[in-house]
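Working through the structure, step by step
The residues making up each chain are set out below.
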Amino acid sequence: MNRPIPLTVNGRAHEIDCAPATPLLDVLRGPLQLRGTRHGCGLEQCGACRVLIDGAPAFACTREIGTLIDRAVLTVESLGTVDKPHPIQQAFLDEQAGQCGYCLSGILMTTKALLDRNPTPTREDVVAALDAHLCRCGTHGRIVRAVLRAAARLREAAAA
C-alpha cells in the first residue's frame, strides 16, 4: 500500500508517495530524478549505490524508504557542481581516478564519510573504508591516491 513518506535528501524535504518497502535507489533515480547514484548489482556487493544516511555509508539498492523517516540522506549531487567541484571530486579528477566512472558516486560518498570522521586517514584506513566497493576498471591505486589528496586539501582548507 502506498502512502506519503517524508524524506530528506540533500537538505531538501520531500513527500514520496510509494510503498514503505520501495528501495531508496528507486526513489532517488525515479521520482527525485537524482541519477548520480548508480544501480550496480542490487545485492550490496559492489558499492555503486552507496549514499550517506545520517553521515554513514549505506547501500541505496536495498535500503527501504520506510526506514528513512527523520533521517538525512546525502547523494553525490550534494557534493559539488561541474563549475565548482567539491575538493573530493577535484582530487579524483586530478588523479584521473575514474575511468568509466560507474563506481565513483558510491566511492565519493564513502570517501566523504571517511574524511568527515577521520581527516588524516592512512592508506590502510582508505583501503578499509573502500573495501565494499568494486572498480572493474582497476583504478584502485589512483582512487586511494585521490582520497589521500582530498584529505590533504580539506585539511589545508580547514587551516586557512
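Scroll up to find the structure this text is about.
The notes below deal with the structure included here. Just so you know, the residues in each chain are numbered from 1, in the order the chain's sequence is written. Local features are withheld for residues below a pLDDT of 70 in this predicted model, meaning they are given only at 70 or higher, and side-chain atom pairs are given and counted only at 80 or more; totals for whole chains, interfaces and linings count all residues. In computing side-chain properties, one takes all heavy atoms of the structure into account and sets aside hydrogens as well as water.

Some words on the pairing of strand β1 (residues 3-9)
In this analysis, strands are considered paired if DSSP registers two or more bridges between them. Put simply, DSSP marks the helices as runs of H or I at least four residues long and the strands as runs of E at least two long, and each gets a number from the N terminus on. Note: β1 against strand β2 (residues 12-18), 7 bridges, orientation antiparallel. If you follow Arg3 over to β2, its bridge partner there is Cys18. Hairpin connection, β1 to β2: the antiparallel pair is bridged by 2 residues, and Asn10 has positive phi, about 55 degrees. Where β1 lies against strand β5 (residues 72-74), 2 bridges are found, and the strand directions are parallel. If you follow Thr8 over to β5, its bridge partner there is Ala72.

Thoughts on the side chain of Gln89
When you line up the elements, Gln89 lands in helix α2 (residues 87-94). Relative accessibility under 20% of the residue-type maximum defines a buried residue, over 50% an exposed one, and the middle range a partly exposed one, all with a 1.4 Å probe and only protein chains included. Assessed through its relative accessible area of 16%, Gln89 is described here as buried. Not counting chain neighbours up to four residues away, the residues in contact with Gln89 comprise Val76, Leu79, Gly80, Thr81 and Leu108. Contacts: residue pairs with any heavy atoms within 4.5 Å of one another.

Some remarks on the packing of helix α3 (residues 104-117) against helix α5 (residues 140-159)
At a minimum axis distance of 11 Å, the contact between α3 and α5 shows a crossing angle of 45 degrees. One finds that α3 runs oblique with respect to α5. The two elements α3 and α5 meet at a crossing, and its hand is right-handed. Here α3 contributes Ile107, Thr111, Leu114 and Leu115 to the contact with α5, which in turn contributes Ile143, Val147, Ala150, Ala151 and Leu154. Of the residues contributing to the contact of α3 with α5, the split by class is 8 nonpolar, 1 polar and no charged. Simply put, an axis is a line fit to the C-alpha atoms, just over the touching stretch for a helix, and the angle between two N-to-C directions goes from 0 to 180 degrees. The cut-offs work like this: below 35 degrees is roughly parallel, past 145 is roughly antiparallel, 65 to 115 is roughly perpendicular, and the gaps in between are oblique. Helix crossings are classified by the rotation of the near helix relative to the far one: an anticlockwise turn of less than a right angle makes the crossing left-handed, while a clockwise turn makes it right-handed. As a working rule, the residues Ala, Val, Leu, Ile, Met, Phe, Trp, Tyr, Cys and Pro are called nonpolar, Asp, Glu, Lys and Arg charged, and the rest polar, with Gly in that last group.

Notes on the packing of aromatic side chains
The geometry of an aromatic ring pair is captured by the separation of the ring centres together with the interplanar angle, meaning the angle of the planes. Pairs were defined over the aromatic rings of Phe, Tyr and Trp, the Trp ring being its six-membered one, requiring ring centres within 6.5 Å. Orientation was assigned from the angle between planes: stacked under 30 degrees, edge-to-face over 60, tilted for the rest. This model, assessed by the stated rule, comprises 0 aromatic pairs. Lysine NZ or arginine CZ positioned within 6 Å of the ring centre and within 35 degrees of the ring normal marks a charge as sitting over the ring. The residue whose ring lies beneath Arg38 is Tyr102, and the NZ or CZ to ring-centre distance is 5.4 Å.

Some details on the sheet that holds β5
By way of backbone hydrogen bonds, the strands of a sheet pair with one another, either parallel or antiparallel. In space, the 5 strands of this open sheet follow the order β2-β1-β5-β3-β4, with mixed pairing throughout. Every other strand in the sheet has two partners, leaving β2 and β4 (56-59) as the edge strands with one partner each. Taken over all neighbouring pairs, the strand axes of this sheet differ in orientation by 45 degrees on average, direction set aside. Packed on one face of the sheet, α3 meets β3 (50-53), β4 and β5 and runs near 30 degrees to β3.

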